[in-house]
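Summary of structural features
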Protein chains: 2
Amino acid sequence: MKKKQEITIHNLANELNISASTVSRALSDNSRISKKTRLIVQQKALELGYRPNVLAANLRSKKSNTIGVVVPRIDRYFFASAISGIEDYAWTKGFNVIISQSNDLLAKEVSCVHTLFSNRVDGMIASISMQTNDDKHFRLFSERNIPLLFFDRFCPSIDCDRIVVDDYESGYNITSHLISRGCKRIAHIAGPELLNIYKDRKEGYLKALSDFGLPLYDGYLQETRLTKEDGPQAFHRLMSLPVPPDGVFCGNDTTALCALEYCKKNNLKVPQDVALTGFSDEPFSSVVTPSLSTVRQPGYQMGFQAAQKIIHRIENANLTVLFEKIVLPTQLIVRDSSR
Amino acid sequence: MKKKQEITIHNLANELNISASTVSRALSDNSRISKKTRLIVQQKALELGYRPNVLAANLRSKKSNTIGVVVPRIDRYFFASAISGIEDYAWTKGFNVIISQSNDLLAKEVSCVHTLFSNRVDGMIASISMQTNDDKHFRLFSERNIPLLFFDRFCPSIDCDRIVVDDYESGYNITSHLISRGCKRIAHIAGPELLNIYKDRKEGYLKALSDFGLPLYDGYLQETRLTKEDGPQAFHRLMSLPVPPDGVFCGNDTTALCALEYCKKNNLKVPQDVALTGFSDEPFSSVVTPSLSTVRQPGYQMGFQAAQKIIHRIENANLTVLFEKIVLPTQLIVRDSSR
DNA sequence: AATCAAAATGCAATCGATTGCACAAATAAT
DNA sequence: ATTATTTGTGCAATCGATTGCATTTTGATT
């Protein structure tokens, strides 16, 4: 009903018969203003319920105190925890976090990045969509030296900071694990080659096979979108091969879960008939039966460090330090599905 | 390295020897400017890589085109999907979404709300923390008629829009379900009474008991924080009673999962020895063994509608429509843990 | 009381876009 | 050709905070 009119420094100035600049300085505890005046001003500000207009201050300072985040989907646990990490750190530094999701669509991603760009975020943290085969939108940031950082899924052609895990090594390790438990015919359900993470996992897998002298049988390498929808079919194709695998490294936990359910339906024993592993350690992975072997990625940590890194760049604009690639460790989690 | 200097409407104006106001109008396709001029200006803007300064425009218009969101934790599936819904709708209307999490701490919540307030978000969507027993911070918004909306967990003393599910009815239904499958001694592990949702679930439970003529045995009602940490103990207390329950309605899925694991360890058969149900339908609930009966809440829908509602209020500031309480339906999901 | 340094405050421009009102140009009407 | 309209542009104030520089006040010193 009643619209309380907002108090500005000018109102305070009038009330106190001093100038707006003095008020401004007093409010920021500038030592050029006498202690007495500062107190009076701050007192009055409190009394009248003054709130600084961040918009005006931002305009003046050309900073928005905001970092933008673009992820494929907010409701995927890995990304949600990364965002949680970003927010936690950003908060300690007084930065806002604007989030947007690409839904794994390039067009939406482009649009989100443009929006963040025109909203003048001070920096952007992104993890690219499954369709991203173009980098023009990211150039908006990199070419103007607006801090940009990719985590997990990066755009290889853009020169900027990155925080990743070693997917190659992780893929290698989990494959080696399957080998060491006795699997001889190991298949892999991979994700889109376009994304570095899936490519690396696949290559780690291939390297492990070759290091241990195991062959890559025909049809043992399936590329899918790693969705709930694609999972059952891909796994079915594998198990329908003349000689089906005795171990399958699935590109993510969702696909491994599909495989698990397929096995239950078709009376295949896991891990006796076929050992299974996923990737990412989703919340459900530890509680399904049999529990799912997987690779744990430090989502929260990645987000937290991403925020640290980008805010550091923002606060040291002249920083000419070369771009870094930070690789965080993963953890091989062996559970019943491959024990 | 090279800092590209930003182009303003004044630069465009100079280049074209026209006034800044004309440029401004031309860029917004104002019909007062001739088609020819509009084209020339837009052409030039493109050529010089002009980007409007949203900060300046926002200052002028006193709008930030931003909505703030405060949730207990971003990485909880229910909240993540709500945020996802909020973002999806907000995006279609050109609104930014600033998120922050209270970590279920009142102090952090207060701080987040203050930050959003001083950042002049046009509206705020919140779900309160487990500790929130004070509403001063929310008054900042409600008293100035800045649109405010609670979803799921609301602050009862604040008069504003709410989007909730009927926790009372849901609690009633899931308890009735346990009764209908033959349970006679039904216990409940409740959440903090401070939160409407937990209180309502509990009361629905009590009503069902009384409607069907079942007693509430001593110790059958446990109040906990519903965390992974509290779960095992609370369930242990129940099962150590002289006459343990044959059905337990857990206040959330996390607690039900703890119960499930407790039963596995102690060779209790679910649902034969004790039937279990949770609440919320977490991603893991459908895949544990036995699968978990629960109540599905439409997280994404709640977020989406929350965004619709609040943006509608923002765009119709003079809207004197009474505050609404929108109740979305839940779905009782019966699975093996209580079949 | 006069002089000077130090401390406190004020002036006015700036950040970039928007907009009511005034003015100029182009076209229509007489 | 002259006046009345319509159409197109420009001027200048505004949004609210910040800051370099100028000015005033205070207090110390001789």
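The structure displayed is predicted, hence computed values, not measured ones.

A few words now on the overall build of chain A. Check the secondary structure of chain A and you find 12 helices and 12 strands. Relative to the globule expectation of 20 Å for 339 residues, the C-alpha radius of gyration of chain A, 26 Å, shows a markedly less compact shape. For chain A, the spread of C-alpha atoms along the principal axes amounts to about 90 × 40 × 35 Å. Going through the 339 residues of chain A one by one, you find that 48% of them count as buried. Within chain A, contacts between residues at least 6 apart in sequence are counted, and of these 71% link residues at least 24 apart.

Turning to the environment of B:Ser19, a few remarks are in order. Residue position: B:Ser19 is located in the loop between helix H1 (9-16) and helix H2 (20-27). Counting along the chain gives 87 residues from B:Ser19 to B:Leu106, while the straight-line C-alpha distance between them is 52 Å.

All names here are of chain A. Assigned domains within chain A: domain 1 (9-52), domain 2 (64-165 + 299-328) and domain 3 (167-297 + 333-338). For domain 2 and domain 3, the distance between their C-alpha centroids amounts to 30 Å. Its residues assigned to classes, the side of domain 2 that touches domain 3 shows six nonpolar, two polar and two charged.

Taken together, the neighbourhood of DNA strand C is formed by 26 residues, with A:Ser21, A:Thr22, B:Thr8, B:Ser21 and B:Ala56 sitting nearest. Mapped onto the surface near DNA strand C, the elements with two or more residues apiece are helix H2 (20-27) and helix H4 (54-61) of chain A together with H2 and helix H4 (54-61) of chain B. Take the surface near DNA strand C: its biggest share by element is five residues, from H2(B). For the surface near DNA strand C, the residue count by class is 11 nonpolar, 10 polar and five charged.

This part covers the protein's contact with DNA strand D. Close contacts around DNA strand D come from 26 residues, with A:Thr8, A:Ser21, A:Ala56, B:Ser21 and B:Thr22 the closest. Breaking the surface near DNA strand D down by element, the ones donating at least two residues are H2 and H4 of chain A together with H2 and H4 of chain B. Partitioned by chemical class, the residues of the surface near DNA strand D number 10 nonpolar, 10 polar and six charged.

Another aspect to go through is the sheet that holds strand E8 (residues 247-250) of chain B. Residues and elements named next belong to chain B. Within the open sheet, the four strands sit side by side as E7-E6-E8-E9. Their pairing is parallel. The two strands at the open ends of the sheet, each matched to only one other strand, are strand E7 (221-223) and strand E9 (275-277). Neighbour to neighbour, the strand axes of the sheet diverge by 15° on average, direction disregarded. Here E8 runs beside E9; their pairing, made up of three bridges, is parallel. Across the sheet, Val248 pairs through a bridge with Leu276, a residue of E9. Of the strands in this sheet, strand E6 (186-190) and E8 touch helix H9 (residues 196-211), which is tilted by about 170° from E6.

Relative to chain B, chain A is turned by 180° and slid 0.0 Å along the rotation axis, the superposed coordinates differing by an RMSD of 0.1 Å. Within this description, the copies of the chain are treated as partners about a two-fold rotation axis. Most of the interface of chain A is mirrored in chain B: 100% of its interface residues are interface residues there too.

Buried accessible area, meaning the area lost when the parts come together, often serves as the stated size of an interface. The partner chain B presents 37 residues to the 37 residues of chain A that form the contact. Contributions of two or more residues to the side of chain A that touches chain B are made by H4, helix H5 (77-92) and strand E2 (96-101) of chain A. Broken down by element, the residue count for the side of chain A that touches chain B peaks at seven residues, all from H5(A).

Our next topic: H5(A). Residue and element names in this part refer to chain A. Here H5 is 16 residues long and its end C-alpha atoms lie 23 Å apart, about the 22 Å a rise of 1.5 Å per residue gives. For H5, the buried fraction is high: 12 of the 16 residues fall into the buried class. The set of residues buried in H5 consists of Tyr77, Phe78, Phe79, Ala80, Ser81, Ala82, Ile83, Ser84, Gly85, Ile86, Glu87 and Ala90. Just beyond H5, the residue with positive phi is Gly94, at close to 75°.

Residues and elements named next belong to chain B. Taking 1.5 Å of rise per residue, 13 residues should cover 18 Å, and helix H11 (residues 253-265) covers 18 Å from first to last C-alpha, within 8% of that figure. Burial analysis of H11 places 10 of its 13 residues in the buried class, which makes it a mostly covered element. Along H11, the residues that are buried comprise Asp253, Thr254, Thr255, Ala256, Leu257, Cys258, Ala259, Leu260, Tyr262 and Cys263. Along its buried surface, H11 packs onto E6, helix H10 (230-239), E8, E9 and strand E10 (294-296). At the exit of H11 stands Asn267, carrying a positive phi of roughly 50°.

Attention now goes to the sheet that holds strand E7 (residues 221-223) of chain A. All names here are of chain A. Strand order in the open sheet formed by four strands is E7-E6-E8-E9, with parallel pairing between adjacent strands. Single-partner strands in this sheet number two, and they are E7 and strand E9 (275-277). Ignoring which end each strand starts from, the neighbouring axes of this sheet average 15° apart. Relative to E7, strand E6 (residues 186-190) runs parallel, the two sharing three bridges. Bridge pairing links Ile189 to Gln222 in E7. Packed on one face of the sheet, helix H8 (residues 167-180) meets E6, strand E8 (247-250) and E9 and runs near 165° to E8.

All names here are of chain B. Of all the six residues making up strand E1 (residues 66-71), six are buried; the element is thus mostly covered by neighbouring parts of the structure. Strand direction decides the pairing type here: E1 and strand E2 (residues 96-101), joined by six bridges, are parallel. Residue pairing in the sheet places Thr66 in a bridge with Asn96 of E2. Each parallel crossover has a hand, and the one from E1 via helix H5 (residues 77-92) to E2 is right-handed. Bridge analysis of E1 against strand E3 (residues 123-126) gives four bridges, and the strand direction is parallel. Each bridged residue has a counterpart across the sheet, and for Val70 the counterpart in E3 is Ala126.

Let us look at the packing of H2(B) against helix H3 (residues 35-48) of chain B. Residues and elements named next belong to chain B. H3 packs onto H2 with a crossing angle of 90° between their chain directions and a minimal axis gap of 9 Å. Here H3 runs roughly perpendicular to H2, going by the angle between their axes. Judged by residue contacts, Thr22, Val23, Ala26 and Leu27 of H2 engage Thr37, Arg38, Val41, Gln42 and Ala45 from H3. When grouped by side-chain class, the residues that make up the contact of H2 with H3 number five nonpolar, three polar and one charged.

Definitions and cut-offs
Residues numbered from 1 in each chain as written. Chains lettered and ligands numbered in written order. Predicted model: local features only at pLDDT ≥ 70, side-chain atom pairs only at ≥ 80, totals over all residues. Helix = DSSP H or I, 4+ residues; strand = E, 2+ residues; numbered from the N terminus. Rg over C-alpha atoms; globule rule 2.2 N^0.38 Å. Buried ≥ 20, exposed ≤ 12 C-beta atoms within 10 Å, placed from the backbone. Contact = placed C-beta atoms within 7 Å. Domains from an automatic or database assignment. Nonpolar A, V, L, I, M, F, W, Y, C, P; charged D, E, K, R; others polar. Near = placed C-beta within 6 Å. Pairing = 2+ DSSP bridges. Axes fitted to C-alpha atoms, helices over the stretch in contact; angles between N-to-C directions. Least-squares fit on C-alpha atoms with pLDDT ≥ 70 in both. Expected span 1.5 Å × (residues − 1). Right-handed = clockwise from strand over helix to strand, strands pointing away. Parallel < 35°, antiparallel > 145°, perpendicular 65-115°, else oblique.

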